[in-house]
Amino acid sequence: MLIYHELLFVQAENGDWDHIQAKVKEFTNHPGGDVEFVVDGNSIGEVQLKAVASEAQVLEHLARYPEIDIRVTEEVAAIMPGIESSGFSNEELTRDVYDRLSELQGDGLVDEISEGHITSALISSAIIAGKAAREQHLPKSQIRAFLVDAGIRATTAAVLDVLLLPITT
């Protein structure tokens, strides 16, 4: 849902009839910002978008890139004073992606994505166990946030695979 969130945000910004245009950065793993704002061909700023279930990644971004604005989904903005919403909710993004996948491939694909969540959780658990073994003690809230966000990443990867591959029947 991460790239979907970015694409919807860009579409909304570019449809608001002002002189500022938005575009998704060329590489989805670009450090700092996801979306660049442009006026007359000149970059005037960027923003990081987060479709996450917790505050942990938002706080991490703010610590690493304090000069880059951040927008989060409505649920996270509601619990973080001073952090602006992107105008989209995690619930809405999840529902849209799920509905579209169901239309494209039927319930079998949704089952495969669910299996991907389990795999992602197992891999994330192994990473966390490795950190703990190296005596990098993590608070329970950070562990939970890491696992939830890893599941979101796995879903995004599966969605992109489906949307970017031709559909064969």
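Criteria and thresholds
- Residues numbered from 1 in each chain as written.
- Predicted model: local features only at pLDDT ≥ 70, side-chain atom pairs only at ≥ 80, totals over all residues.
- Heavy atoms only, no water.
- Core = buried A, V, L, I, M, F, W, Y, C linked by side-chain atoms within 4.5 Å.
- Buried < 20%, exposed > 50% of the residue type's maximum accessible area, 1.4 Å probe, protein only.
- Helix = DSSP H or I, 4+ residues; strand = E, 2+ residues; numbered from the N terminus.
- Contact = heavy atoms within 4.5 Å.
- Pairing = 2+ DSSP bridges.
- Axes fitted to C-alpha atoms, helices over the stretch in contact; angles between N-to-C directions.

S.K.: Would you mind going over the nonpolar core in detail, with residue names and values included?
M.R.: Counting residues in hydrophobic clusters, the biggest one holds 11 residues: Leu 8, Phe 9, Val 10, Ala 22, Val 35, Phe 37, Val 47, Leu 49, Ala 51, Phe 88 and Leu 93. Sorting elements by how many residues they give to this core places helix H1 (residues 2-14) first, with three residues. The residues touching Ala 22, leaving out its near neighbours within four places in the chain, are Val 10, Glu 13, Asn 14, Val 35, Glu 36 and Phe 37. One finds Val 52, Ile 70, Ala 77 and Met 80 within the second-largest nonpolar core, a separate group that totals eight residues.

S.K.: Lay out the sheet that holds strand S5 (residues 84-85) with the relevant residues and their values.
M.R.: If you walk across this open sheet you meet the five strands as S1-S2-S3-S4-S5, and the pairing is mixed. Edge positions in the sheet fall to strand S1 (21-24) and S5, since each has one partner strand and no second. Pairing of strand S4 (residues 69-72) with S5 involves two bridges; the strand directions are parallel. Bridge assignment links Arg 71 to a residue of S5, and that residue is Glu 84. Sitting on the sheet, helix H2 (residues 56-64) is in contact with strand S3 (42-50) and S4, with an inclination near 170° to S4.

S.K.: Tell me about the pairing of strand S2 (residues 35-39), and please be specific about residues and values.
M.R.: Burial analysis of S2 places five of its five residues in the buried class, the great majority of the element. With four bridges connecting them, S1 and S2 associate as antiparallel partners. In the sheet register, Ala 22 faces S2, and the bridge partner there is Phe 37. Two successive antiparallel strands, S2 and S3, enclose a turn made up of two residues, where Asp 40 displays a positive phi of approximately 50°.

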